[in-house]
Amino acid sequence: MDPAALAWLLAQLGPSTDTDDLTARHHRLGTARAVALEVLAERRAALLADPLRLVVDGVVTMDRTGNLTGLERQLAALNDTVGPDDTPADADTGHQIEAVPIRPPRRPR
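It should be emphasised that the depicted structure is a prediction, and the values quoted were computed from it without experimental measurement.

1. Some thoughts on helix 3 (residues 32–49)
Between its first and last C-alpha, helix 3 extends 26 Å over 18 residues, near the 26 Å set by a 1.5 Å rise per residue. Taken as a whole, helix 3 has its buried residues at Ala32, Val35, Ala36, Val39, Leu40 and Leu47. For helix 3, the angular spread of buried residues about the axis comes to 125 degrees, placing them on one side. Next to the buried residues of helix 3 lie helix 1 (3–13), helix 2 (19–29) and helix 4 (65–79).

2. Structural notes on the pattern of salt bridges
Summed over all chains, the structure comprises seven salt bridges. We note a salt bridge from Arg25 to Asp21, for which the minimum N-O separation is 2.9 Å. Of this pair, Arg25 and Asp21 both sit in helix 2, four residues apart, roughly one helical turn. Overall, Arg25 belongs to the buried group, its relative accessible area being 11%. On the basis of relative accessible area, Asp21 is assigned to the partly exposed category, the value being 29%. Among the ionic pairs, Glu42 bridges to Arg25, the shortest N-O distance being 2.8 Å. Residue Glu42 is located in helix 3, and its partner Arg25 is located in helix 2; the two are separated by 17 residues in the primary sequence. A relative accessible area of 42% means that Glu42 is categorised as partly exposed. Shared partners join several salt bridges into a network, and the residues in it are Asp21, Arg25, Arg28, Glu38 and Glu42.

3. Concerning the pairing of strand 1 (residues 53–56)
As paired elements, strand 1 and strand 2 (residues 60–63) share four bridges and run antiparallel to each other. Across the sheet, the residue bridging to Arg53 is Asp63, located in strand 2. The turn linking strand 1 back onto strand 2 is made up of three residues, and Gly58 within it adopts a positive phi angle of 75 degrees.

4. Points about a nonpolar patch on the surface
Nonpolar side chains collect at one region of the surface, where Leu54, Val56, Val59, Val60 and Met62 lie side by side and expose about 420 Å² of accessible area between them. Along the chain, Met62 turns up in strand 2.

5. A few points about the nonpolar core
One finds Trp8, Leu9, Leu13, Leu22, Ala36 and Leu40 to be the most contacted residues of the largest nonpolar core, which totals 15 residues. Sorting the residues of this core by element identifies helix 1, helix 3 and helix 4 as the ones contributing at least two each. Top element by residues in this core is helix 3. It accounts for six residues. Apart from residues lying up to four places away in sequence, Trp8 is in contact with Ala32, Arg33, Ala36, Leu78, Thr81, Gly83 and Pro84.

Rules of the game
- Residues numbered from 1 in each chain as written.
- Predicted model: local features only at pLDDT ≥ 70, side-chain atom pairs only at ≥ 80, totals over all residues.
- Heavy atoms only, no water.
- Helix = DSSP H or I, 4+ residues; strand = E, 2+ residues; numbered from the N terminus.
- Expected span 1.5 Å × (residues − 1).
- Buried < 20%, exposed > 50% of the residue type's maximum accessible area, 1.4 Å probe, protein only.
- Arc of directions from axis to C-beta.
- Contact = heavy atoms within 4.5 Å.
- Salt bridge = Lys/Arg side-chain N within 4 Å of Asp/Glu carboxyl O.
- Pairing = 2+ DSSP bridges.
- Patch = residues over 30% accessible without salt bridge, like charges linked within 9 Å, V, L, I, M, F, W, Y side chains within 5 Å.
- Areas by Shrake-Rupley, 256 points an atom, 1.4 Å probe, with all protein chains shown as cover.
- Core = buried A, V, L, I, M, F, W, Y, C linked by side-chain atoms within 4.5 Å.

In structure tokens:
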């Protein structure tokens, strides 16, 4: 993975994210955007595995619904973002299309 893709991933996922894990995922998935989507989906699943809100009357209140909302917004934003190593939709892929006129077959008279 090139340094630009790693820097982009760390900007999306936070500087404390394990770079060796990101590199391994990049080799498996192929693009930095796919890596970011996978990591964020795992973080979302981890939040959903535990209760989002915990209230012990008079002792503690813990609410993580804001964290879930933030992760879901970040996932939605990444779906519309072009990563540093993605191919733009309008990029030339090297394939060319040639138009050929279609004529009816000749019929003997």
